[in-house]
Amino acid sequence: MTRDPSADNRINAEDIRRRKGGVPIVCLTAYTYPIARLLDPHVDLLLVGDSVAMVLHGHATTLGASLEMMIAHGQAVMRGSAKACVVVDMPAGSYETSPAQAATSARRIVEETGCQAVKLEGGVDMAAQIAAIVTEGIPVMGHIGLQPQSVEKDGGYKIKGRTQDNIAALFRDAEAVENAGAFSVVIEGTMEAVAAKLTHHISIPTIGIGASADCDGQILVIDDMVGMTVDRVPKFVKEYADLRSVIADAAARYAAEVRSRAFPSPDHVFTTAAGKDET
């Protein structure tokens, strides 16, 4: 992997860790070069999430993501960003079998993308995997609460923290992730009061998604945030734009002009008068 000349200026995992209790950490997902270019000046962290399997590839769940898919999108995001800490999701099947498998997969992701960290789902059950990756010198972001890779096992997308037993399990997971050496942890789909208590309970930053404003940072899927999601939009999403309508309107106007032969106009074709062969 060619050294990124902007690496010395990037936000790194330790920078994120030090943000605990400070100015909230701004995070968004990114999967492509142009989106990374647009988001990079505004965010602290870009997550190449396994949600790419659903958002860009049309899979029903994140289980459609592969290691090769995550690496390809991670490379694109790294090319498009210069400042943000880039974290790449470890897809289902790339780390659960053993700590050795987890370390090998994480090393491949980092070496082939140049990203600053990896993320994996799980708490107590994945503490050994987190520790093994950290031992390799690779920063890890944890992910507890609602875990999309476990949606089939859980029987759907179920909000966490509704029962005392589940709350206790969430605290054990948060502690396990912290003790294993993770520099931060995503809390997803968890009751607000529980997510707030978890944030104050552990010493590493929490990144909320469908959790609490008390978390140390927030993340959304970029396509959800800009109104590009064509299927159901989750309850916790705030749409800051309506690109669905913008794109549909542009496509409709383009189609009408093509059919009426209004496009291309003289301004959009090449003539000898211009004297140049440029696009």
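What counts and what doesn't
Residues numbered from 1 in each chain as written. Predicted model: local features only at pLDDT ≥ 70, side-chain atom pairs only at ≥ 80, totals over all residues. Heavy atoms only, no water. Helix = DSSP H or I, 4+ residues; strand = E, 2+ residues; numbered from the N terminus. UniProt positions renumbered as here; feature names shortened; annotations may be inferred. Contact = heavy atoms within 4.5 Å. Axes fitted to C-alpha atoms, helices over the stretch in contact; angles between N-to-C directions. Parallel < 35°, antiparallel > 145°, perpendicular 65-115°, else oblique. Left-handed = near helix turned anticlockwise from the far one by under 90°. Nonpolar A, V, L, I, M, F, W, Y, C, P; charged D, E, K, R; others polar. Core = buried A, V, L, I, M, F, W, Y, C linked by side-chain atoms within 4.5 Å. Buried < 20%, exposed > 50% of the residue type's maximum accessible area, 1.4 Å probe, protein only. Polar contact = N/O pair within 3.5 Å; in protein donor to acceptor, adjacent residues only side chain to side chain. Pairing = 2+ DSSP bridges. Expected span 1.5 Å × (residues − 1).

S.K.: How would you explain unusual backbone geometry if you had to name every residue and give the values?
M.R.: Of note, the bond from F263 into P264 is cis; its omega dihedral lies within 30 degrees of zero at 0 degrees. Its place among the elements puts P264 in the segment after α11 (243-259). A positive phi angle is found at R261, which is not glycine, with a value near 65 degrees. When you line up the elements, R261 lands in the segment after α11.

S.K.: Please provide a residue-by-residue account of the UniProt feature "binding site: Mg(2+)" (unreviewed entry) in the chain, values included.
M.R.: UniProt tags D50, D89 and E121 as "binding site: Mg(2+)" (unreviewed entry). Look at the named residues: they lie 72 residues apart in sequence, but the longest C-alpha span between them is just 10.9 Å, so in the fold they bunch up. The contacts of D50, once residues within four sequence positions are left out, are T62, A65, M70, D89, E121 and Q149. Inspection of the secondary structure puts E121 in the loop between β4 (117-119) and α6 (127-135).

S.K.: Account for the packing of helix α5 (residues 99-113) against α6, with residues named and values stated.
M.R.: Interhelical geometry of α5 versus α6 gives an angle of 45 degrees and a closest axis separation of 8 Å. Regarding the angle of α5 to α6, the classification is oblique. Of the two elements, α5 crosses α6, and the hand of that crossing is right-handed. For the pair α5 and α6, the contacting residues are P99, A102, A103 and A106 in the first and A128, Q129, A132 and I133 in the second. In terms of residue class, the contact of α5 with α6 is built from seven nonpolar, one polar and no charged.

S.K.: Please give an account of the nonpolar core that cites residues and values.
M.R.: With 59 residues, the main nonpolar core has L46, M90, I109, V118, L120, I133 and L198 as its most contacted residues. In terms of residue count, the dominant contributor to this core is helix α8 (residues 164-180) (seven residues). Apart from residues no more than four positions distant in its own chain, L46 is found in contact with L28, A30, A36, L39, D40, V77, S81, A84, C85, V86 and V87. Core analysis: the next-biggest nonpolar cluster, separate from the first, contains 16 residues, I25, C85, A117 and M141 among them.

S.K.: Report on the UniProt feature "active site" (unreviewed entry) in the chain, specifying residues and quantitative values.
M.R.: UniProt marks E188 with the feature "active site" (unreviewed entry), using the numbering shown here. Turning to its location among the elements, E188 is positioned in strand β6 (residues 184-188). On the basis of relative accessibility, which here comes to 11%, the residue E188 falls in the buried class. Among all residues touching E188, those that are not within four sequence positions of it are H143, I144, G145, L146, P148, I209 and G210. Reaching out from E188, the side chain makes a polar contact with the side chain of H143 at a distance of 3.0 Å.

S.K.: If you had to explain the sheet that holds β4 to someone new, which residues and values would you point to?
M.R.: Strand order in the closed barrel formed by eight strands is β1-β2-β3-β4-β5-β6-β7-β8, with parallel pairing between adjacent strands. Sheet twist, expressed as the mean angle between neighbouring strand axes with direction ignored, is 25 degrees. Looking at chain direction, strand β5 (residues 140-145) and β6 are connected through five bridges and run parallel. Within the sheet, the bridge partner assigned to I144 lies in β6 and is I187.

S.K.: Explain α8 residue by residue, including any values.
M.R.: Between its first and last C-alpha atoms α8 spans 24 Å; for 17 residues at 1.5 Å apiece the expected length is 24 Å, and the two agree. If you check which residues of α8 are buried, you get I167, L170, F171, D173, A174, A176, V177 and A180. Following α8 by one or two positions, G181 adopts a phi angle in the positive range, close to 110 degrees.

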